[in-house]
Structures are given as C-alpha cells and as structure tokens.
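Descriptive structure summary
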Amino acid sequence: MITAAGLEFRNVTKSFGAVKALAGVSLTVHAGDAHALVGENGAGKSTLLKILAGIVQPDAGEVRWNGERLHLGSPREGLERGIGMVYQEMLCFPNLTVAGNIFAGRELIARGGWLRVGDMRARTRAILDELHLAIDPAAPAESLSAAHRQLLQVARALAFECRILVLDEPTTSLTDAEADHLFAVLEKLRARGVTLLYVSHRLPEVFRLCDRISVLRDGHHVETVDRRGVAPERIVRAMVGRELPPRSARETSAEAPVRLELSSLSRRPCFQNVSLSVRTGEIVGLFGLVGAGRSELLETIFGLHAPDAGEIRLDGRVITPRSPVAAARAGIALVPEERQRQGLFFNLTVRDNLVLPDRTLRGDALVRADRERDEARALVERWRIKTAGVEVLPDHLSGGNQQKVVLAKWLATSPRVLLLDEPTKGVDVGAKFEIHEIIRREAARGIACLVASSDLPEVLALSDRIIVMRAGRVQGEIDAAGATEESVMHLATSLERAS
Amino acid sequence: MKRLWQIRELSTVVILALEIAFFTWWLWPEAGRTHPFFNGENALLILKYSSIYAIAAIGAAIVIISGGIDLAPGAVMALTGVIGSNLFVVHGWSLAASMTVGVATGLATGLLSATLIVAAPLPPFIATLGMMGIARGAAFIITEGQYFDVSSRLLGGWRPFGVPADWVAPIVMIVLAIIFQVLMTGFQWGRAVFSVGGNETAALFSGIAVNRVKFSVYAIAGLLAGVSGVVLVLVQGQGKADLANGYELDIIASAVVGGASLSGGRGSVIGAVLGTLIFGVLRNALPQIPGATFYDRLIVGVVVIAIVVMDQTLLKKRV
C-alpha cells in the first residue's frame with residue numbers, strides 16, 4: 001500500500017451561500033496514476049477542481065501532495081506547484097499567438113524587459129513536436145480548431161513541467177478522432193510519470209484511460225474503485241444514487257394535432273434541411289453531440305436568427321418570427337442553454353426576472369410592483385423555487401433554482417410551444433427530476449415541447465419521440481418506447497463510422 | 001442600518017450633507033458677519049449652476065444604466081446653446097421659439113448617435129466621440145468666433161410664468177429629474193433599460209426590444225443635453241462655441257458618484273442629480289478658501305475616486 005504518496009484531499013468542505021458544494025470530501029490520487037473523478041452535474045467535481053487550481057478556497061480541509069500540505073491561494077500558486085489545468089471552457093487568448101498562449105503569464109524575459117519571442121517559439125515548437133501537433137507557434141490561437149485549442153492547454157501545462165495534469169471534461173467539443181489523439185497524448189504523459197486527474201461523466205472514456213475511479217454525488221465522496229473488476233452500471237448507480245425512474249407511461253395520441261412543424265429549415269452552416277414536427281402535448285427530444293446545430297435551430301425558431309430557407313408552421317400557419325418578441329407573441333418560448341449569460345438578470349430581483357417576459361409581451365407601460373410581487377410569489381410557490389424571497393437578486397439561488405426561474409418566467413407567458421436547450425445543464429439531481437416533472441406536466445396541459453439535450457439518459461427519460469441531429473442534419477427519428485442508448489448514439493455518430 | 005445603506009441614493013445624500021457641514025464649519029465667519037457659504041442666496045447659486053450639469057447628467061445616468069456611454073453632452077450643450085442664442089439674438093426670433101429649436105437640435109444629435117449605435121452598429125464610445133467633435137465643430141462654424149449676447153436682450157426682468165429668472169434652471173431640473181426617476185423606476189421602459197444594461201443577451205432572449213431601448217436612451221440623452229445647453233445660455237447670458245467645455249467628464253463622474261455602474265445595470269437618476277450637487281458644492285466652496293483655487297480640479301478628481309472606492313468597499317457593489 002502506498003501511503004502519503006500522491007495527491008490527497010482531506011475532508012474538503014465548501015459552501016456557496018446556502019448550497020453545500022462539497023461536504024467533507026476525502027480521497028487520494030496515487031502518484032503516477034490516471035485517476036477519474038465522475039459524478040453528475042452539481043456533484044461537486046468542478047468545485048473540487050477549482051480548489052485544486054487555487055481559484056476557490058475551501059471552508060475547511062486540506063490538500064496534500066506527497067504528504068506536504070499545499071497552500072493554494074491563487075491559480076498561479078497551483079501552476080507553480082506543478083498542477084496544470086485543462087478546462088472544459090477552453091480558456092485561451094484568441095488574440096495571442098500559440099506561443100503567446102503557452103507562455104501567457106510566464107513569458108521568457110530578457111534583460112531590460114524584452115520578450116524573448118524567438119526562444120518562446122522554439123520551446124513551443126519542441127513541446128508541440130512532442131505532442132505530435134502540427135501547429136505553427138506563431139499562428140494566432142483563434143485560427144485553431146476546438147480540438148487544437150484544447151490540446152494547446154495540455155501543451156501549456158507541459159511547458160510548466162506539471163506533475164499533476166487535471167482535465168475537466170476535455171472531450172466535450174472534440175470529435176472521436178480528436179479525442180483519440182488526446183488520449184494518445186495522455187497515455188504518453190502517464191508513461192512519463194505525470195499524475196492525471198480526469199474529470200468526466202463519459203464513462204467509456206473513463207474506463208479507457210483511468211486506473212481508479214472516484215465517484216462524487218451531491219458533494220459527498222461515494223466511493224473510489226479500481227477500474228479492473230467493476231462494471232459501468234455500478235458506477236452509474238453510484239453517480240445517480242438511485243435507480244433512474246422509469247419513463248412515465250404517457251400516452252400521446254398520434255391523432256393530436258401537429259402544433260409546431262419545420263419543413264426543410266436551413267441556416268448554413270449551422271443546420272440544413274431540418275424537417276420535424278411536434279404535436280400538441282408531445283415532448284420531442286432533440287439529441288446530438290456538441291456542434292450538431294441544435295441550439296442554432298432552436299434560436300432560429302425563436303426568431304434570433306433568420307433562416308436561409310424553409311418554413312416554420314405553428315398550428316398550421318406559416319410564421320416568420322423576425323425577433324424573439326415576435327416569436328414570443330406567437331406563443332413560442334425558449335429556455336436557453338446558458339442561464340447565466342442568456343437567461344437571468346443579476347442586477348434585477350427574482351421578481352423582475354420572473355415577470356419580465358410576460359410584462360414585455362403584454363406591453364404594459366407601468367410597473368405594478370404589488371401585483372408583480374403576488375404573481376412572483378405564486379410562481380415561486382408553484383414551481384417550488386427555493387429563494388429567500390422574491391425581492392432578492394438571483395445570484396443567491398442554486399443552479400437548479402436559477403434554472404427554474406428561467407423556466408417559470410416563460411411558463412408565465414402561457415406559451416403554446418416550449419423550446420428547451422439543455423434544460424438541466426449544471427443543476428443538481430434533485431432539481432433535474434423536478435424540472436423533468438415540470439416539463440411533463442406542462443406537456444400534459446397541451447404545450448408542445450422540443451427539448452435539445454446531449455444528456456442521453458435525460459433524452460430517453462423525457463421524450464415521446466427522439467430526433468437525432470448530427471452536423472446540422474436530422475439523422476433519424478426514433479420512437480422513445482423502442483429507443484436504447486445504443487440505438488440513439490449509433491444514429492448520432494453513424495456518419496463517422498460509415499466513413 | 002445595513003439595509004438603509006443599501007439604498008444607494010441615501011449614501012449620496014449623506015456624503016452631500018457631510019460635505020456641506022464641512023464647508024460650513026471651515027468657512028465659519030467672524031461674529032456678526034453673514035456666513036459666506038451657508039446662506040440662502042448661495043444655496044440658490046449652487047442649485048442654479050448645478051442644474052446645468054444635472055439636466056444632462058439625468059440622460060448620462062440613463063445611458064450608463066443601459067450599459068452605454070455618452071461623451072457628447074458637453075459639445076451638444078454648446079451647439080444647442082449657440083443655435084438657440086443665435087436665433088434669439090441675431091435673427092430676432094422669440095425666446096420660446098429659438099430655445100425650442102435649440103432643444104430640438106439636442107434631440108437631433110441624440111437621434112443621430114442612436115442611429116449610429118443601433119444601425120451601424122458602432123460602439124457607443126466611438127459614436128458619441130464622433131458626435132462630440134461634430135457638435136463642437138458645428139458650434140464654431142455657426143459662431144465664427146463671435147458670441148451672442150442673450151442677457152442684454154433679456155433685460156427688464158425676465159420672469160417666465162411669473163417665476164424669478166434664478167429659479168428657472170432649478171425648476172426645470174427638478175421637474176425633469178422627477179419625470180425620469182419615475183420613468184426609470186415605475187415603468188416597463190425603465191426596467192427594460194436596467195435589463196439591457198444588466199445582461200443584454202438575456203434581454204434579447206427575454207423578448208425585450210433591445211435596439212429600441214438603446215435607441216430611446218441615446219435620443220433622451222441628446223434631448224436632455226439640448227435642454228441643458230439652452231438653460232446654460234440663459235444662466236450665463238451668452239452663447240459661444242466654447243461653452244460647456246469638458247463638461248461631459250463632470251457629467252459622467254456625477255452619474256457614477258451617484259451610484260451608476262459603468263458596466264451597466266445599476267444607478268439612478270436621483271443619484272446622478274445628487275452627484276452633480278456634490279460637485280456643485282465643491283466648485284462653489286473651494287474658491288472661497290484662500291489658496292484652494294488651484295487645487296479644485298485635483299480635489300474633484302480625488303473625490304470621484306474616493307467616493308467610488310468607498311462605495312465598492314462599503315457596499316461590495318461592482319462599479
């Protein structure tokens with residue numbers, strides 16, 4: 001048994017307001033191992049990583065490396081201690097060159113303050129060669145593909161001679177071939193003795209790369225297991241903490257009138273020739289990997305972009321919404337993917353946030369604060385939004401409750417069509433089930449729901465019908481009753497396998 | 001108590017009160033003399049001159065709350081003042097007609113900036129920087145270096161609607177401040193301005209007509225700068241091209257001192273008006289302190305920074 005060798009989290013605790021992100025997490029990553037950290041959204045993975053990176057300070061507990069306590073006060077200290085991070089959101093400076101990105105914050109400097117541009121390019125060249133990356137160190141980072149930008153972060157970590165490389169969902173925006181390349185690089189690093197901490201909820205990747213797997217759930221460390229001798233199903237159960245509830249056997253009549261119909265809708269290069277229909281009371285899942293064009297499709301229906309060709313019909317009538325206002329007036333609502341950026345106003349109260357779309361559509365001139373307060377309270381109660389009141393700012397709410405606010409503000413407008421883009425991204429498991437329940441209930445009331453999600457279990461659990469998109473095209477349609485993860489995934493990736 | 005402090009305007013009132021108390025104490029006269037600073041006549045003087053800044057600062061605050069910036073008000077004030085006084089003095093128009101044209105000119109500059117920002121679309125900083133040059137340049141072209149003497153034609157006790165001339169500027173300012181404070185806090189339009197400034201993307205996704213809101217904001221700022229310019233020539237008595245030189249920075253500073261956040265989404269009309277009064281008191285009192293005259297610009301700069309830093313640390317708000 002190896003003691004005190006490796007990276008050790010001891011009783012790490014962190015709360016954000018009322019939300020306990022980590023409740024005393026203790027786990028050990030052996031030096032030289034590839035260790036996976038898995039868990040659902042909201043399980044606390046990101047918080048643990050942020051603590052390791054020095055971005056967030058824990059309320060209690062400590063982090064040790066080979067027995068020595070790490071004082072991680074800032075991201076810089078993390079780097080200096082040899083902890084390299086590869087983030088999901090792909091932090092990079094698009095305006096700097098490749099070499100500039102790799103040495104950002106740690107530029108090689110000659111006497112007199114001059115940048116040693118040539119040396120930095122040469123070092124970059126060497127690192128890129130080592131990774132078998134054919135990238136010009138002098139090229140601007142914005143000219144790189146998503147995959148290369150991801151690998152640029154790995155290269156940056158290598159330039160700092162990291163001992164621990166932390167990767168947070170690094171394959172989210174990569175194609176299979178690109179992911180293969182990344183794994184090859186990671187294998188090589190591990191052979192050189194770099195400790196890998198790999199965070200993902202994609203189990204096949206985890207099983208392919210990692211030696212040991214730690215599961216987090218709701219801020220707790222559930223278990224750490226050896227990859228050998230454990231079945232993926234067991235990990236899934238540990239992540240979810242309960243059996244997934246069976247699909248509610250809702251009968252959507254095939255005779256129900258078609259409410260939303262798209263015919264050959266195109267907006268190049270995002271999506272082409274998309275034809276689909278959603279009946280009254282039906283939940284249609286729109287599945288695809290990142291970059292499949294789902295968000296752009298929903299935004300086009302919502303009037304944020306103009307289509308190049310094709311028609312949108314609502315209850316049989318052709319509509320051409322030129323703005324979200326027009327779409328919303330017609331009865332279309334969109335719950336966008338990024339609630340922080342696209343959904344919420346953090347300078348306004350929960351009340352303002354909840355009533356804004358409805359009031360904007362009604363075109364009232366006056367703000368009737370009392371009436372709005374009553375309405376907002378009713379919405380908070382109805383959708384069980386946990387908040388200290390309706391006159392607080394939404395940044396005090398947890399991710400799940402923020403998402404419920406965005407959902408509730410649109411349901412308050414009594415839409416006929418509800419478009420949802422990744423409705424449970426970054427919310428905890430409890431809120432996820434509640435949001436699913438809300439969607440089911442609203443569909444039962446006759447709203448046509450089109451749910452874009454890359455969360456396959458969610459799509460399977462929620463939808464009556466599943467439409468699979470890939471690279472901007474509809475790949476196929478599956479009745480949810482007969483759908484399995486394999487059949488959906490096969491459609492989503494089939495083109496690639498064929499080629 | 002903490003709650004009270006969170007009402008941002010209240011802390012501005014407190015700062016203003018402390019400032020007045022300080023100068024009252026500092027400038028306390030020898031026994032038997034009237035106080036040189038703390039008297040009714042001087043208060044009216046401060047109010048009158050602050051109103052010029054305050055009317056434009058209402059517009060500046062609204063623009064800043066919407067997440068934008070307007071660099072043009074100083075130059076627009078000069079242009080509208082010059083046009084109004086030119087029509088009144090040179091062309092012999094009636095006072096009402098010439099000043100209305102002046103105000104309309106202000107609105108026109110606002111509409112032009114708004115069009116550039118919404119339709120071009122240019123960043124507000126660039127569009128209004130250009131507008132600032134255009135307006136100031138037009139003022140010089142119209143005057144050809146002369147000035148138009150408004151006060152000589154107004155002689156004989158000008159009392160519109162029976163209001164003493166000194167009270168005109170403060171009354172116009174107070175009426176406009178109340179109107180726009182109510183519009184910003186009690187009307188959907190005001191909340192739309194706050195929402196666009198707080199999160200423009202979310203505003204778009206929430207069905208708010210973002211472009212229309214932005215357009216209205218710059219149009220209003222132009223209109224108010226126009227009113228401010230007209231009031232300026234009435235107070236100073238002459239129209240000339242270098243009027244209100246550099247006022248835009250004082251106006252923006254007033255809005256910020258009054259709680260407006262340059263990143264948008266925060267601020268208030270009343271706060272901006274109180275901010276202009278803070279500077280108005282400084283401009284009035286400092287010259288009365290022997291030797292302080294040369295320090296007044298420096299002190300104004302220090303005050304801006306000090307108040308905003310205090311605001312940030314005390315209330316933990318973002319600027």
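Residues numbered from 1 in each chain as written. Chains lettered and ligands numbered in written order. Predicted model: local features only at pLDDT ≥ 70, side-chain atom pairs only at ≥ 80, totals over all residues.

1. Observations regarding the overall build of chain A
We apply this condition: Here a helix means four or more residues in a row that DSSP labels H or I, a strand means two or more in a row labelled E, and each is numbered from the N terminus. The size measure is the radius of gyration over C-alpha atoms, and the globule rule it meets is 2.2 Å times the number of residues to the 0.38 power. Each residue gets a C-beta atom placed from its backbone, and two residues are in contact if those atoms lie within 7 Å.
Within chain A one finds 17 helices and 20 strands. Whereas a compact globule of 499 residues would reach a radius of gyration of roughly 23 Å, chain A reaches 24 Å, a difference of no more than 12%. Expressed as lengths along the three principal axes of its C-alpha atoms, the size of chain A is roughly 70 × 55 × 50 Å. The long-range share in chain A, meaning contacts at least 24 apart out of those at least 6 apart in sequence, stands at 68%.

2. Brief notes about the overall build of chain B
The following threshold applies: The burial criterion counts other C-beta atoms lying within 10 Å of a residue's C-beta, which is placed from the backbone; the residue is buried at 20 or more, exposed at 12 or fewer, and partly exposed between these limits.
On a plain count of helices and strands, chain B comes out with 14 helices and 2 strands. Expected size for 319 residues packed as a compact globule is a radius of gyration near 20 Å; at 20 Å, chain B falls within 12% of this value. With the C-alpha coordinates aligned to their principal axes, the bounding extent of chain B is approximately 65 × 55 × 35 Å. Looking at chain B as a whole, 49% of its 319 residues qualify as buried. Taking the contacts inside chain B whose residues are at least 6 apart along the sequence as the reference set, 76% of them involve residues at least 24 apart.

3. Topic: the pairing of strand 8 (residues 195-199) of chain A
All names here are of chain A. Threshold: DSSP calls a pair of strands paired once it identifies at least 2 bridges connecting them.
Buried residues dominate strand 8, accounting for 5 of its 5 residues. Burial of the side chains of strand 8 extends over both faces: Thr195, Leu197 and Val199 are buried on one face and Leu196 and Tyr198 on the other. Of the strand pairs in this sheet, strand 3 (residues 34-38) and strand 8 are connected by 4 bridges, and their pairing is parallel. Its bridge partner being in strand 8, Ala36 is matched across the sheet by Tyr198. Here strand 7 (residues 164-168) runs beside strand 8; their pairing, made up of 5 bridges, is parallel. Looking at strand 8, one finds that Leu167 is bridged to Tyr198.

4. Looking at the nonpolar core
Worth spelling out the cut-off: In these notes, a nonpolar core means any group of buried Ala, Val, Leu, Ile, Met, Phe, Trp, Tyr and Cys residues linked to one another through C-beta atoms within 7 Å.
Leu419 and Cys449 of chain A together with Ala57, Ile58, Ala60, Ala61 and Ile62 of chain B are the most contacted members of the largest nonpolar core, which totals 172 residues. In terms of residue count, helix 11 (residues 210-236) of chain B provides more of this core than any other element does, 16 residues in total. Apart from residues no more than four positions distant in its own chain, Leu419 of chain A is found in contact with Leu298, Ile301, Phe302, Ile332, Ala333, Leu334 and Leu450 of chain A. Counting residues in hydrophobic clusters, the runner-up holds 62 residues, among them Val25, Met85, Leu182 and Leu209 of chain A.

5. A look at the interface of chain A and chain B
The test is simple: Each residue gets one of three labels, nonpolar for Ala, Val, Leu, Ile, Met, Phe, Trp, Tyr, Cys and Pro, charged for Asp, Glu, Lys and Arg, and polar for the others, Gly among them.
Chain A puts 23 residues into the contact, and the matching count from chain B is 18 residues. Put simply, the parts of the chain that give the side of chain A that touches chain B at least two residues each are helix 10 (324-330), helix 11 (339-343) and helix 12 (350-362) of chain A. Counted by class, the side of chain A that touches chain B contains 15 nonpolar, 4 polar and 4 charged residues.

6. So, the pairing of strand 19 (residues 465-470) of chain A
Residues and elements named next belong to chain A. Judged by how many residues are buried, strand 19 sits mostly within the fold: 6 of 6 residues are covered. Sheet analysis places strand 13 (residues 283-287) next to strand 19, joined by 4 bridges and oriented parallel. Considered in strand 19, the bridge of Val284 is made with Arg465. The pairing of strand 19 with strand 20 (residues 473-479) spans 6 bridges and is antiparallel. Within the sheet, the bridge partner assigned to Met469 lies in strand 20 and is Val474. Hairpin connection of strand 19 to strand 20: 2 residues between the antiparallel strands, including Ala471 at a positive phi of 45°.

7. Some remarks on the sheet that holds strand 9 (residues 212-217) of chain A
Sheets are built from strands paired through backbone hydrogen bonds, the pairs being either parallel or antiparallel. Residue and element names in this part refer to chain A. Cut-off, in case you're wondering: Note on geometry: axes are lines fitted to C-alpha atoms, helical ones only across the stretch in contact, with angles between N-to-C directions running from 0 to 180 degrees.
Taken in spatial order, the 6 strands of this open sheet run 6-7-8-3-9-10, and their pairing is mixed. Unpaired on one side and paired on the other, strand 6 (83-86) and strand 10 (220-226) mark the two borders of the sheet. Pairwise comparison of adjacent strand axes, ignoring direction, gives a mean angle of 20° for this sheet. Sheet topology note: the strand 3/strand 9 ladder contains 4 bridges and is parallel. When the sheet's bridge partners are listed, Ala36 is paired in strand 9 with Ile213.

8. Observations regarding unusual backbone geometry
Between Arg268 of chain A and Pro269 of chain A the backbone carries a cis peptide bond, its omega angle lying at 5°. The residue Pro269 of chain A is located in the loop between strand 11 (258-267) and strand 12 (271-279) in this model. Residues Ala120 of chain B and Pro121 of chain B are joined by a peptide bond in cis, for which omega reads -20°. Position of Pro121 of chain B among the secondary structure elements: in the loop between helix 5 (95-119) and helix 6 (124-143). Although it is not a glycine, Asp315 of chain A sits at a positive phi angle of roughly 50°. For Asp315 of chain A, a count of 16 C-beta atoms within 10 Å puts it in the partly exposed group. The backbone of Ala471 of chain A shows a phi angle near 45°, a positive value even though the residue is not glycine. Here Ala471 of chain A lies in the loop between strand 19 and strand 20. Among the residues examined, Ala471 of chain A registers 17 C-beta atoms within 10 Å and is labelled partly exposed.

9. Overview of the packing of helix 12 of chain A against helix 13 (residues 369-382) of chain A
Residues and elements named next belong to chain A. Put simply, the rule is: Throughout, the term roughly parallel applies to angles under 35 degrees, roughly antiparallel to angles over 145, roughly perpendicular to angles from 65 to 115, and oblique to all others.
For the pair helix 12 and helix 13, interaxial distance at closest approach is 9 Å and the crossing angle is 90°. The angle between helix 12 and helix 13 falls in the class roughly perpendicular. Contact with helix 12, carried on its side by Val350, Arg351, Leu354 and Val355, involves Glu372, Arg373, Glu375, Ala376 and Leu379 of helix 13 and no other residues of that element. When its residues are assigned to classes, the contact of helix 12 with helix 13 shows 5 nonpolar, no polar and 4 charged.

10. Let's talk about the environment of Glu223 of chain A
Residue and element names in this part refer to chain A. By secondary structure assignment, the location of Glu223 is in strand 10. Taking the C-alpha atoms as reference points, Glu223 and Met239, separated by 16 residues in sequence, lie 9.7 Å from one another. Glu223 has contacts with Val215 and Ala238, leaving out every residue within four places of it along the chain.

11. Some remarks on the environment of Pro287 of chain B
Residue and element names in this part refer to chain B. With respect to the helices and strands, the residue Pro287 is situated in the loop between helix 13 (269-285) and helix 14 (296-315). The exposed category is assigned to Pro287, around which 11 C-beta atoms lie within 10 Å. Put simply, Pro287 and Ser268 are 19 residues apart on the chain and 30 Å apart in space, counted from C-alpha to C-alpha.

12. Concerning the sheet that holds strand 14 (residues 309-314) of chain A
All names here are of chain A. On the basis of which strands lie adjacent, the open sheet formed by 4 strands has the order 12-11-14-15 and antiparallel pairing. Looking at the sheet topology across the chains shown, the edges are occupied by strand 12 and strand 15 (317-319). The average angle at which neighbouring strand axes cross in this sheet is 25°, direction not considered. The pairing of strand 11 with strand 14 spans 5 bridges and is classified as antiparallel. Bridge pairing links Leu260 to Leu314 in strand 14.

13. A look at the confidence of the model for chain B
Selection rule: Per residue, pLDDT measures the predictor's confidence, with a range of 0 to 100.
Overall, the prediction assigns chain B a mean pLDDT of 90, with 95% of residues at 70 or greater. Note that pLDDT drops below 50 for residues 1-5 of chain B; the model gives that stretch 3 contacts with residues more than four away or on any other chain.

14. Remarks on the packing of helix 2 (residues 8-26) of chain B against helix 13 of chain B
All names here are of chain B. To keep it simple, the criterion reads: Each crossing gets its hand from how the near helix is turned against the far one by less than a right angle, where anticlockwise is left-handed and clockwise is right-handed.
Running from N to C, helix 2 and helix 13 cross one another at 15°; their axes reach a closest spacing of 9 Å. Taken together, the axis directions place helix 2 and helix 13 in an arrangement best described as roughly parallel. As for how helix 2 packs across helix 13, the hand of that crossing is left-handed. Between helix 2 and helix 13, the contacting residues are Arg8, Glu9, Thr12, Val13, Ile15, Leu16, Glu19, Ile20 and Phe23 on the first element and Ile270, Gly271, Leu274, Gly275, Leu277, Ile278, Val281 and Ala285 on the second. The residue makeup of the contact of helix 2 with helix 13, split by class, is 11 nonpolar, 3 polar and 3 charged.

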